[in-house]
Amino acid sequence: FNARVAPTKCAILPISSNAECNAVVDEIALDLMENDISIRNDKSTAALGRRYARADELGVPFAVTVDFDTLVDHSVTLRERDTMKQIRLPKSDVTTLISAMVMGKTTWEKCMMKYQVVQVDDGEGNAKAELEKPKTVVEKSPRGSFHRPAK
């Protein structure tokens, strides 16, 4: 689904089922719902990859992951379904950013240029964060939108 027509706009996934992570998940969920953004809250004990896959199957365009770093620096990971790329952003920016993308006021490509892009699993089980430029650009024409390689 396009983010604008997707019945559920965002999944919120804690990396752990501890009370501190769940409290942050509930806070983000409440903020998104108060701004009329439909969510799917998945606090199950399944592996994170499996929960991402469940959300992808339902057509949920975005997923917010609350991890142990969130408890320290108040940042979360936002994943986009189609590219499977992830960015790290302040928890306070989540609602504004998702709303802007759903309404077409910004694009995922612009978000990847503004925030840190996170590469997952370097073979050692560690996530690396680095800035990266998009490899494709979206062009609009009278016949619709299409992706082409960036120059």
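On a predicted model such as this, the values are computed, not experimentally measured, just so you know. (Residues numbered from 1 in each chain as written. Predicted model: local features only at pLDDT ≥ 70, side-chain atom pairs only at ≥ 80, totals over all residues. Heavy atoms only, no water.)

1. Digging into the pairing of strand β5 (residues 86–90)
Buried residues dominate β5, accounting for 4 of its 5 residues. Relative to β5, strand β4 (residues 75–80) runs antiparallel, the two being bridged by 5 bridges. In the sheet register, Ser75 faces β5, and the bridge partner there is Pro90. From the end of β4 to the start of β5, which pair antiparallel, there are 5 residues, and Met84 there has a positive phi angle of about 60°. For β5 and strand β6 (residues 116–119), the ladder comprises 3 bridges, and the chain directions are antiparallel. Looking at the pairing, Gln86 lines up with Val118 of β6. (Buried < 20%, exposed > 50% of the residue type's maximum accessible area, 1.4 Å probe, protein only. Helix = DSSP H or I, 4+ residues; strand = E, 2+ residues; numbered from the N terminus. Pairing = 2+ DSSP bridges.)

2. Structural notes on the pairing of β4
Most of β4 is tucked away: 6 of the 6 residues are buried. Both faces of β4 are covered, namely the face carrying Ser75, Thr77 and Arg79 and the face carrying Val76, Leu78 and Glu80. In this sheet, β4 lies alongside strand β3 (residues 62–66) in antiparallel orientation, the contact comprising 4 bridges. Paired with Val64 across the two strands is Leu78, which belongs to β4.

3. Comments concerning helix α4 (residues 94–102)
Summarising burial for α4: 7 of the 9 residues are buried, a large majority. All buried positions along α4 are accounted for by Val94, Thr95, Leu97, Ile98, Ala100, Met101 and Val102. Looking at the residues trailing α4, positive phi occurs at Gly104, about 80°.

4. Some thoughts on the packing of helix α1 (residues 19–34) against α4
Contact geometry of α1 with α4 gives a least axis separation of 9 Å together with a crossing angle of 40°. Between α1 and α4, the interaxial angle falls into the category oblique. As α1 packs across α4, the resulting crossing turns out to be right-handed. Contacts between α1 and α4 involve Ile28, Asp31 and Leu32 on the former and, on the latter, Val94, Thr95 and Ile98. Here the residues of the contact of α1 with α4 sort into 4 nonpolar, 1 polar and 1 charged. (Axes fitted to C-alpha atoms, helices over the stretch in contact; angles between N-to-C directions. Parallel < 35°, antiparallel > 145°, perpendicular 65-115°, else oblique. Left-handed = near helix turned anticlockwise from the far one by under 90°. Contact = heavy atoms within 4.5 Å. Nonpolar A, V, L, I, M, F, W, Y, C, P; charged D, E, K, R; others polar.)

5. Considering the confidence of the model for the chain
For the chain, per-residue confidence averages 85 on the pLDDT scale, and residues scoring 70 or more make up 84% of the total. At the level of individual helices and strands, the chain shows its lowest average pLDDT in strand β7 (residues 128–130), which scores 45, and its highest in α4, which scores 95. In the model, residues 127–133 has pLDDT below 50 throughout and makes 19 contacts with residues more than four positions away in sequence or in other chains. (pLDDT = per-residue confidence, 0-100.)

6. So, the side chain of Glu80
Positionally, Glu80 belongs in strand β4. Here Glu80 is buried and forms no salt bridge, its nearest opposite-charge partner Arg81 lying at an N-O distance of 5.7 Å. The contacts of Glu80, once residues within four sequence positions are left out, are Pro61, Phe62, Lys85 and Trp108. (Lys, Arg positive; Asp, Glu negative; His and termini not counted. Salt bridge = Lys/Arg side-chain N within 4 Å of Asp/Glu carboxyl O.)

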